[in-house]
Amino acid sequence: MTAVEKKIILDDVDMLALLGMKDSNLKIVEERFNASITVRGENVMIKGVREEVELIEKIFKEMVYVLNTSGKLKKGDVETILNLTVEGKEIIDKDEYESIVLYTKHDVIKAKSAGQKNYIEAAKKNDICFAIGPAGTGKTYLAVALAVAALKKGFVKKLILARPAVEAGESLGFLPGDFREKIDPYLKPLYDALDDMIPSEKLRSYLEKGIVEIVPLAYMRGRTLNNAYVILDEAQNATDMQMKMFLTRLGVNSKAIITGDITQIDLPSRQTSGLVQAREILANIKGVSFVYFDRSDVVRHRLVKDIIDAYEKYNGNNK
């Protein structure tokens, strides 16, 4: 039979914990197959007959999943994974595999609700995806995870994350520092999400080289964004003209996710929210998807759902 080769890239995985002391976990896998397994840094090269190569790839994915969810990978875990996989069984089923967005060094980022699963599928299938819903539903965090995954896999060459600099009860003019220092607090949630997913030194390098940009929405004007994953967060505070400007920046081989909560618009009353308007204008365009979240998708503290309900009830009674 003809031998095939498969390269697996294991980004942000503790390779020592995965392979075991003196490669003890790796040796357990090697003993069960004729295929050769070569590890160089975060790259695993498998060479052998197709059936074995596919099984070994699946075994490594299971090993990474167990390591990242439990924080350790023991000899018994590896043997259990081997036995189940060879028997055609899996620790996590196909649906759960498909809901995984990104493996980080200490976690697995995946869908935690039906709404999040729909969101991930829509973002993968469409070049422009709108995610609309209340706070705490993971809109921004998953958008950043999808973008980081695309960068790591080489699908895009850069990430651009933007937010409108709209004042919500505070004036920029009264904040200390220069413009960059004034604007950074608005962008902090995007930095926080990236910091969870990319090691600090690598993230610093990406920012210095312009591979990752975190900017106010106004900085997007006049640009054409090729080979990029672009995120517009808090889009309910983008005006109609800003939304059009943002959407028309998209270039060749690029994708965009636009997130927002239309119940938290901070624009002056005379200005139209670009997010609200986009729902009407773009609803029937192929390649553009709209995903809506509700309280059942909230993944923050359990009280967040109750708080959302209480405000919705209050607003309903005072209309």
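Before reading on, note that the structure itself is shown above.
Asks: Pulling in residues and values, what's your account of the nonpolar core?
Replies: Judged by nonpolar contacts, the single largest core of 38 residues is most densely connected at Tyr119, Leu159, Leu194, Met197 and Tyr229. When residues in this core are grouped by element, the largest group, 10 residues, is from helix H7 (residues 139-152). Of all hydrophobic cores here, the second largest spans 33 residues; its members include Met15, Leu18, Ala35 and Val108.

Asks: Any details on the environment of Phe60? Residues and values, ideally.
Replies: Tracing the backbone through its elements, the reader meets Phe60 in helix H3 (residues 50-70). Once the C-alpha coordinates of Phe60 and Leu10 are considered, the two residues, 50 residues apart in sequence, prove to be 9.2 Å apart. Setting aside its immediate chain neighbours within four residues, Phe60 contacts Ile8, Leu10, Leu18, Leu19, Leu26, Ile37 and Val44.

Asks: Describe the pairing of strand S8 (residues 212-216), listing the residues and the values that go with them.
Replies: The element S8 is extensively covered by neighbouring structure, given that five of its five residues are classed as buried. Here strand S7 (residues 158-163) runs beside S8; their pairing, made up of five bridges, is parallel. Among the inter-strand pairings, Ala162 is bridged to a residue of S8, identified as Val215.

Asks: I'd like a description of the pattern of salt bridges, backed by residues and values.
Replies: Applying the stated rule across the entire model yields nine salt bridges. When the shortest N-O distance is used, the salt bridge between Arg163 and Asp233 registers 2.7 Å. Here the residue Arg163 occupies a position in strand S7, and Asp233 occupies one in the loop between strand S9 (228-232) and helix H10 (240-247), the gap between them amounting to 70 residues. Residue Asp192 pairs with Lys188 through a salt bridge whose shortest N-O separation is 2.6 Å. Highlighted residues: Asp192 and Lys188, both in helix H8 (residues 179-197), separated by four residues, approximately one helical turn. Of the residues examined, Asp192 reaches a relative accessible area of 36% and is grouped as partly exposed.

Asks: For the sheet that holds strand S1 (residues 4-9), give the residues involved together with the corresponding values.
Replies: Pairing in this open sheet of three strands is antiparallel, and the strands run S1-S3-S2 from one edge to the other. Looking at which strands have only one partner, the edges of the open sheet turn out to be S1 and strand S2 (36-40). When strand polarity is set aside, the average angle formed by the axes of neighbouring strands in this sheet is 15 degrees. By the bridge criterion, six bridges tie S1 to strand S3 (residues 43-48) in an arrangement that is antiparallel. Across the sheet, Lys6 pairs through a bridge with Ile46, a residue of S3. The strands that H3 touches are S1, S2 and S3; relative to S3, the one it contacts most, it runs at about 155 degrees.

Asks: I'd like a rundown of the packing of helix H6 (residues 114-125) against H7, residues and numbers included.
Replies: Each pair of packed helices can be summarised by the angle the axes make with each other and by the distance between the axes. The contact between H6 and H7 brings their axes to 11 Å, and the two run at 40 degrees. Between H6 and H7, the crossing angle belongs to the class labelled oblique. Note on packing geometry: the crossing formed by H6 with H7 is right-handed. Counting all contacts with H6, which are made through Gln116, Tyr119, Ile120, Ala123 and Lys124, the residues of H7 involved are Lys139, Leu142, Ala143 and Leu146. Residues of the contact of H6 with H7, tallied by class, amount to six nonpolar, one polar and two charged.

About the cut-offs
The residue count restarts for each chain, going from 1 along the sequence in the order it is written. Only residues with pLDDT of at least 70 are given local features in this predicted model, and only at 80 or more are side-chain atom pairs given and counted; all residues enter the totals for whole chains, interfaces and linings. No hydrogens and no water enter the side-chain calculation; it runs on all heavy atoms of the structure. For our purposes a nonpolar core is just a set of buried Ala, Val, Leu, Ile, Met, Phe, Trp, Tyr and Cys residues, chained together by side-chain atoms within 4.5 Å. Buried means the residue's accessible area, taken with a 1.4 Å probe over protein chains only, is under 20% of the maximum for its type, while exposed means over 50%, and partly exposed covers the values in between. Note on conventions: DSSP H or I runs of at least 4 residues are helices, E runs of at least 2 residues are strands, and numbering of each starts at the N terminus. It only takes one pair of heavy atoms within 4.5 Å for two residues to be counted as in contact. Here, strands pair whenever DSSP counts at least two bridges between them. Think of a salt bridge as a Lys or Arg side-chain nitrogen and an Asp or Glu carboxyl oxygen that are within 4 Å of each other. Axis definition: a line fit to C-alpha positions, over the contact stretch in the case of helices; interaxial angles, taken between N-to-C directions, run 0 to 180 degrees. Roughly parallel refers to an angle under 35 degrees, roughly antiparallel to one over 145, roughly perpendicular to one between 65 and 115, and oblique to any angle outside these ranges. Left-handed describes a crossing whose near helix is turned anticlockwise from the far helix by less than a right angle; the clockwise case is right-handed. Classification convention: Asp, Glu, Lys, Arg as charged; Ala, Val, Leu, Ile, Met, Phe, Trp, Tyr, Cys, Pro as nonpolar; all other residues, Gly among them, as polar.

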